[in-house]
Amino acid sequence: FVVANDSDAKRAYMLVHQLRRLNNPASFLTCVDAQFWPVLNRGEGVTTDASRAEEGIFDRVLCDVPCSGDGTARKNPGVWRHWGPLGALGLHPLQLSIALNGARLTKVGGYVCYSTCSMNPIENEAVVAELLRLAGGGLELVDR
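Overview of the structure. (Residues numbered from 1 in each chain as written. Predicted model: local features only at pLDDT ≥ 70, side-chain atom pairs only at ≥ 80, totals over all residues. Heavy atoms only, no water.)

Here we look at the overall build of the protein chain
Quick reminder of the rule: A run of H or I in DSSP becomes a helix once it reaches four residues, and a run of E becomes a strand once it reaches two; helices and strands are each numbered from the N terminus. A 1.4 Å probe rolled over the protein chains alone gives each residue an accessible area, and that area as a share of the maximum for its type sets the label: buried under 20%, exposed over 50%, partly exposed in between. Note on contacts: a residue pair qualifies if any of its non-hydrogen atoms lie within 4.5 Å across the two residues. Each accessible area is a Shrake-Rupley result for a 1.4 Å probe, and residues are judged covered by the shown protein chains and nothing else.
Summing up its helical and strand segments, the protein chain has four helices and six strands in all. Ordering the α and β elements of the protein chain from the N terminus gives β-α-β-β-β-β-α-α-β-α. The buried share among the 144 residues of the protein chain stands at 28%. Here the analysis covers contacts within the protein chain between residues at least 6 apart in sequence; of these, 68% occur between residues at least 24 apart. Of the roughly 9900 Å² that the protein chain leaves accessible, carbon and sulfur atoms contribute 57%.

Observations concerning the nonpolar core
Selection criterion: By convention a nonpolar core is built from buried Ala, Val, Leu, Ile, Met, Phe, Trp, Tyr and Cys residues, the set being connected through side-chain atoms within 4.5 Å.
Val 61, Cys 63, Val 65, Leu 96, Ile 98, Ala 99, Ala 103, Tyr 114, Val 127 and Leu 131 together form the largest nonpolar core, which totals ten residues. Of all the secondary-structure elements, those providing two or more residues to this core are β5 (58-64), α3 (87-104) and α4 (125-135). Per-element tally for this core: the top contributor is α3, with four residues. Not counting residues within four places of it along the chain, the set of residues in contact with Ala 103 comprises Val 112, Leu 131 and Leu 139.

Comments concerning unusual backbone geometry
Located in the positive-phi region is Asn 23, a residue other than glycine, with phi close to 55 degrees. Here Asn 23 lies in the loop between α1 (9-22) and β2 (27-30).

Overview of the pairing of strand β1 (residues 2-5)
Cut-off, in case you're wondering: At least two bridges found by DSSP between two strands are what make those strands a pair.
With four bridges joining them, β1 and β2 adopt parallel strand pairing. Its bridge partner lying in β2, Ala 4 is registered against Leu 29.

Here we look at the side chain of Thr 116
Quick reminder of the rule: Polar contact is the term for a pair of N or O atoms within 3.5 Å; when the atoms are in protein, one must be able to donate a hydrogen and the other to accept it, and sequence-neighboring residues count only if both atoms are side-chain atoms.
Here Thr 116 is to be found in the loop between β6 (106-115) and α4. By relative accessible area, which is 18% here, Thr 116 ends up buried. Here the side chain of Thr 116 touches Ser 118 through a polar contact of 3.1 Å, landing on its backbone nitrogen. For Thr 116, the side chain forms a polar contact with the side chain of Asn 124, separated by 2.6 Å. Discounting chain neighbours no more than four positions away, the residues touching Thr 116 are Asp 64, Val 65, Cys 67, Gln 95, Glu 123 and Asn 124.

Concerning the packing of α3 against α4
Between two packed helices, what matters for the description is the angle formed by their axes and the separation of those axes. Keep this limit in mind: For helices, the fitted line uses only the C-alpha atoms of the stretch in contact; every axis is such a line through C-alpha atoms, and the angle between N-to-C directions lies from 0 to 180 degrees. In this scheme, roughly parallel covers angles under 35 degrees and roughly antiparallel covers those over 145, while 65 to 115 is roughly perpendicular and the rest are oblique. Handedness of each helix crossing follows the sense of rotation of the near helix against the far helix: counterclockwise by less than a right angle gives left-handed, clockwise gives right-handed. Put simply, Ala, Val, Leu, Ile, Met, Phe, Trp, Tyr, Cys and Pro go in the nonpolar bin, Asp, Glu, Lys and Arg in the charged bin, and everything else, Gly too, in the polar bin.
Viewed as axis vectors pointing N to C, α3 and α4 meet at an angle of 45 degrees, and their least axial separation amounts to 10 Å. On the basis of their axis angle, the class for α3 and α4 is oblique. For the crossing formed where α3 meets α4, the hand is right-handed. Two secondary-structure elements touch here, α3 through His 92, Gln 95, Leu 96, Ala 99, Leu 100 and Ala 103 and α4 through Ala 126, Val 127, Glu 130, Leu 131 and Leu 134. Tallied by class, the residues present in the contact of α3 with α4 amount to eight nonpolar, two polar and one charged.

Here's the deal with the state of the cysteines
Our working rule: The rule for a disulfide is simple: a pair of cysteine sulfur atoms within 2.5 Å.
Under the counting rule described, the total for this entry stands at zero disulfides. Lacking any disulfide linkage, Cys 67 is separated from the closest cysteine sulfur, that of Cys 117, by 3.1 Å.

Brief notes about the packing of aromatic side chains
As a reminder, the rule being used: For Phe, Tyr and Trp, rings pair up if their centres lie within 6.5 Å, where Trp contributes its six-membered ring, and each pair is then called stacked (planes under 30 degrees apart), edge-to-face (over 60) or tilted (otherwise).
Summed over the entire model, instances satisfying the criterion amount to two aromatic pairs. A ring pair is formed by Trp 37 and Phe 58, whose centres lie 5.6 Å apart and whose planes are at 55 degrees; its orientation type is tilted. Residue Trp 37 is located in the loop between β2 and β3 (39-40), and its partner Phe 58 is located in strand β5; the two are separated by 21 residues in the primary sequence. Look at Trp 80 and Trp 83: their rings are 5.5 Å apart centre to centre, the planes differ by 70 degrees, and that puts the pair in the edge-to-face class.

Given below as structure tokens:
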């Protein structure tokens, strides 16, 4: 069973068409901000109340977060027109928030994969380091 999410409606629409083409009945698509993707309630409905929420509902979570895109400069040289050294600093809190929510949604023993198309350590290693620090031993960095 695959649950996909994209906060951009146009990209979500394209994903729906790709999923239809695959004819996979075990897929579900949402279009919400990944920082606040809701967890299932222990009972009925959906909740954002952490005390009533059942956390850890997915075996694997891929967090392909928004980024500066500087890693795509070879195929997209126009990225440099909008790039600035402070861009990564502005994206870091959003990337960390999405990664934290992804970790919260992952079952114990499951895997979280953090992904960007950036080469900037502020968007990559710094986010992962802070995620591990905030998890306080609840997450482990593995090379798979």
